[in-house]
Amino acid sequence: MLRYLLSRLGQSLILLLLVSCIGFMVLNLAPGGPLSQFALSPGMTQEQIDKIAAQMGLDRPLVMQYLDWLWHMVRGDWGTSYRDGQSVLAVIGSHLFATLLLMGTATTISISLGAAIGIFSAMRRGSIFDHTFTVLAMIALSIPTFWFGLIAIYIFSLNLGWLPAGNMYTVGDGSVLDYLRHLILPASVLALVDVAIWSRYMRTSTLTVISQDFVRTARAKGLTRRRVLLRHVVGNSLVPMVTLAGLQLPMVLGGALVTETVFTWPGMGRLFLDSLGYSDYPVVMGLLMTSALLVLVGNLAADMIVALIDPRIRLN
């Protein structure tokens, strides 16, 4: 198990290094570059821009800039924001909780509902329930997340007035109930597409398990349908879903970016768009590395869980 863990950890570190290298090169080779925001200042001359570039070390070869940035990042210095001069880690840290809260809530909703719908559809294959949720899943996968968000705001905030249209809390309140009211709409919208994906995968996995010999043997022994489902089917059907949970993290992060923008949720997705608009490249690189770390840690954790459940994985 330790050998498998070290192997996966080594692969993750190599992938993280590649992500940092490609991300750094792409950002610095983009039109305008890191100095584009300074060039927009009134009265800024080329001589002043060159002086700023020399002070920031941006006049050196790009490879040297990357190696310097990588060395500082490994030591915990992720740079300073161009916008307000704050530490990049401090800027990201002030938005990280909001994103993790939104992603965690949405993932919990999507896994719970998706798994339940998938199992129920598989156990009643070909029924009206199965066909109905197949159609609904296709619709959910075909419509953009931002459209669901706008419709949710229009119905539940503007028309019915049940829930807030945006932000994370009400200024002057900040109670747990207030946080929950603001969380319901963005988390539900973010979870909607994932519910469709989870239900389809869970249905397929459950159908595969139902056709196995050990399930037929359990039924032949006279076990009730409920006991066969809970003891033999559900557990084995969830094993592939653990791996899927890790693979879904990039999609959840991408969906969070759109959802946070629609609902003005103060998370990393909204910070990413704001930083791009300001050409705040240190913060953008920090967000890129934070997202990559979250995805890699999630996939590594999923692999470890699968390896513990199924020892055959460790032998590959």
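Everything below is about the structure printed above this text.
Residues numbered from 1 in each chain as written. Predicted model: local features only at pLDDT ≥ 70, side-chain atom pairs only at ≥ 80, totals over all residues. Heavy atoms only, no water.

Considerations on the environment of T170
- Within the secondary structure, T170 sits in the loop between α7 (145–159) and α8 (176–210).
- Between the C-alpha atom of T170 and that of H182, which follows or precedes it by 12 residues, the distance is 8.4 Å.
- In this view, T170 contacts D178 and H182; residues no more than four positions away in its chain are not counted. (Helix = DSSP H or I, 4+ residues; strand = E, 2+ residues; numbered from the N terminus. Contact = heavy atoms within 4.5 Å.)

Thoughts on helix α11 (residues 268–277)
- Within α11, burial applies to M268, G269, L271 and S275. Along the long axis of α11, the arc covered by the buried residues comes to 160°, so they all point the same way.
- S279 lies just past α11 and shows a positive phi near 60°. (Buried < 20%, exposed > 50% of the residue type's maximum accessible area, 1.4 Å probe, protein only. Arc of directions from axis to C-beta.)

Considerations on the side chain of R200
- Mapped onto the fold, R200 is located in helix α8.
- Notably, R200 is buried but unbridged: the nearest opposite-charge side chain belongs to D130, and the N-O separation is 4.3 Å.
- R200 has contacts with S121, D130, F133, T134, A137 and M138, leaving out every residue within four places of it along the chain. (Lys, Arg positive; Asp, Glu negative; His and termini not counted. Salt bridge = Lys/Arg side-chain N within 4 Å of Asp/Glu carboxyl O.)

Things to note about the packing of α7 against α8
- Running from amino to carboxyl end, α7 crosses α8 at an angle of 140°, the nearest separation of the two axes being 10 Å. As the angle between them shows, α7 and α8 are arranged oblique. Taken as a pair, α7 and α8 cross one another with a handedness that is right-handed. On α8, the residues touching T145, F148, G149, A152, F156 and S157 of α7 are L185, V189, L192 and V193.
- A class-by-class count of the residues in the contact of α7 with α8 yields 7 nonpolar, 3 polar and no charged. (Axes fitted to C-alpha atoms, helices over the stretch in contact; angles between N-to-C directions. Parallel < 35°, antiparallel > 145°, perpendicular 65-115°, else oblique. Left-handed = near helix turned anticlockwise from the far one by under 90°. Nonpolar A, V, L, I, M, F, W, Y, C, P; charged D, E, K, R; others polar.)

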